[in-house]
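Coordinates in review
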Amino acid sequence: MGRGRQKAKATKQAREIKYFTPDTDLTALQRELAQKRDDSVGEPSSSDDGHDDYDDVAERYGS
C-alpha cells in the first residue's frame, strides 16, 4: 500500500475513533457509583484520624 493510501486509512480510522459515541448505560453507571459511595462511607481514610502527617515534622523542627 502506498503512503497516500496508508495515510488516508489512518486518517479515516482516527476520525472514526474520535467521533465514536458508544451507547452508555447510565442506570448501570449510577448503580456502580452508588455502590462505590456506600463502600467508602464506612471506611475511615488515613487522613480522617485527626493526625496530620506533617505534625511530627513541625514538632521536630519547631514550625
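The shown structure was predicted, so the numbers you read here are calculated from the model rather than taken from an experiment. (Residues numbered from 1 in each chain as written. Predicted model: local features only at pLDDT ≥ 70, side-chain atom pairs only at ≥ 80, totals over all residues. Heavy atoms only, no water.)

**Topic: the overall build of the protein chain**
- Secondary structure summary: the protein chain contains three helices and zero strands in total.
- Across the protein chain, helices and strands are ordered from the amino to the carboxyl terminus as α-α-α.
- Taken as a whole, the protein chain presents about 6,400 Å² of accessible surface, with 50% of it coming from carbon and sulfur. (Helix = DSSP H or I, 4+ residues; strand = E, 2+ residues; numbered from the N terminus. Areas by Shrake-Rupley, 256 points an atom, 1.4 Å probe, with all protein chains shown as cover.)

**A word on a negative patch on the surface**
- On the surface, Asp 52, Asp 53, Asp 55, Asp 56 and Glu 59 cluster together into a negatively charged patch.
- Residue placement: Glu 59 occurs in helix α3 (residues 55-61). (Patch = residues over 30% accessible without salt bridge, like charges linked within 9 Å, V, L, I, M, F, W, Y side chains within 5 Å. Salt bridge = Lys/Arg side-chain N within 4 Å of Asp/Glu carboxyl O. Lys, Arg positive; Asp, Glu negative; His and termini not counted. Charge placed at Lys NZ, Arg CZ, Asp CG, Glu CD.)

**Side note on a nonpolar patch on the surface**
- The grouping of Leu 26, Leu 29 and Leu 33 at the surface amounts to a nonpolar patch, some 280 Å² of accessible area in total.
- Positionally, Leu 33 belongs in helix α2 (residues 26-41).

**Topic: the confidence of the model for the protein chain**
- Across the protein chain, pLDDT averages 81, with 79% of residues at or above 70.
- Taken element by element, the protein chain is modelled with least confidence in α3, mean pLDDT 80, and with most confidence in helix α1 (residues 3-18), mean pLDDT 94. (pLDDT = per-residue confidence, 0-100.)

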